[in-house]
Amino acid sequence: MRLDKFLKVSRLIKRRTVANEACDAGRVLVNDKPAKASLNVKEGDIIEIQFGAKAVKVEVLDVQETVKKEEARELYRYL
């Protein structure tokens, strides 16, 4: 699954366009490397997102096309 879509489906970022912009600005790292929005995300990947001065680091546990809002937290684990 594309990185921008995973960020939206997992609700780490609310909109796919915002996820695209964050990737283009270099604020999203996958496995400690700057990532483009089109990068394929798989289980076990470590995603780090810079939100201003705060950084969020998560591990991908599952990749699904659609999930309910309550189940979105099961797609990743905070590190």
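Computed from a predicted structure; not experimentally measured.

J.: Would you take a moment to explain the packing of aromatic side chains for this structure?
T.: Think of a pair of aromatic rings as described by two things: how far the centres are apart, and how the planes are tilted against each other in angle. For the structure shown, the criterion picks out 1 aromatic pair. With 5.5 Å between their ring centres and 90° between their planes, Y76 and Y78 make a pair best called edge-to-face.

J.: What's the story with helix 2 (residues 16-24) in this structure? I'm lost.
T.: Given 3.6 residues per helical turn, the α-helix brings residues three or four places apart onto the same face. Every buried residue of helix 2 is listed here: A19, A22 and C23. One face of helix 2 carries all of its buried residues, which in axial projection span an arc of 100°. The outward face of helix 2, more than 90 degrees from its buried face, is lined by the exposed residues T17, E21 and D24. Residues of helix 2 that are buried make contact with helix 1 (3-9) and strand 1 (28-30). Once helix 2 ends, the next one or two residues include G26, with phi positive near 80°.

J.: Is there a simple way to explain the nonpolar core in this structure?
T.: Most often, soluble globular proteins keep nonpolar side chains buried together rather than apart. Within the largest apolar cluster, 24 residues are counted, with the highest numbers of intra-cluster contacts made by L3, F6, L7, L12, V28, I47 and I49. Looking at this core, the elements that each hand over two or more residues are helix 1, helix 2, strand 1, strand 3 (46-51) and strand 4 (54-60). Per-element accounting of this core gives the leading share, 4 residues, to helix 1. Ignoring any residue separated from it by four or fewer positions in sequence, one finds I49 in contact with L7, L12, I13, R27, V28, K54, A55 and V56.

J.: Any chance you could explain the environment of N20 here in plain terms?
T.: Relative to the helices and strands, N20 is located in helix 2. Judged by relative accessible area, N20 falls into the partly exposed class, the value being 24%. Along the backbone, N20 and F51 are 31 residues apart, and their C-alpha atoms lie at a distance of 14 Å.

J.: Sorry, what's going on with the side chain of E48 here?
T.: As for its position among the elements, E48 is in strand 3. Buried E48, no salt bridge; nearest opposite-charge side chain is K57, N-O distance 4.3 Å. Within the structure, the side chain of E48 is placed 3.4 Å from the side chain of Q50, a separation counted as a polar contact. Contact partners of E48, with chain neighbours within four places excluded, come to R27, V28, L29, D32, A55, V56 and K57.

The rules behind these values
Residues numbered from 1 in each chain as written. Predicted model: local features only at pLDDT ≥ 70, side-chain atom pairs only at ≥ 80, totals over all residues. Heavy atoms only, no water. Phe/Tyr/Trp six-rings, centres within 6.5 Å; stacked < 30°, edge-to-face > 60°. Buried < 20%, exposed > 50% of the residue type's maximum accessible area, 1.4 Å probe, protein only. Helix = DSSP H or I, 4+ residues; strand = E, 2+ residues; numbered from the N terminus. Arc of directions from axis to C-beta. Contact = heavy atoms within 4.5 Å. Core = buried A, V, L, I, M, F, W, Y, C linked by side-chain atoms within 4.5 Å. Lys, Arg positive; Asp, Glu negative; His and termini not counted. Salt bridge = Lys/Arg side-chain N within 4 Å of Asp/Glu carboxyl O. Polar contact = N/O pair within 3.5 Å; in protein donor to acceptor, adjacent residues only side chain to side chain.

Everything listed is a geometric property; what it means functionally is a separate question.
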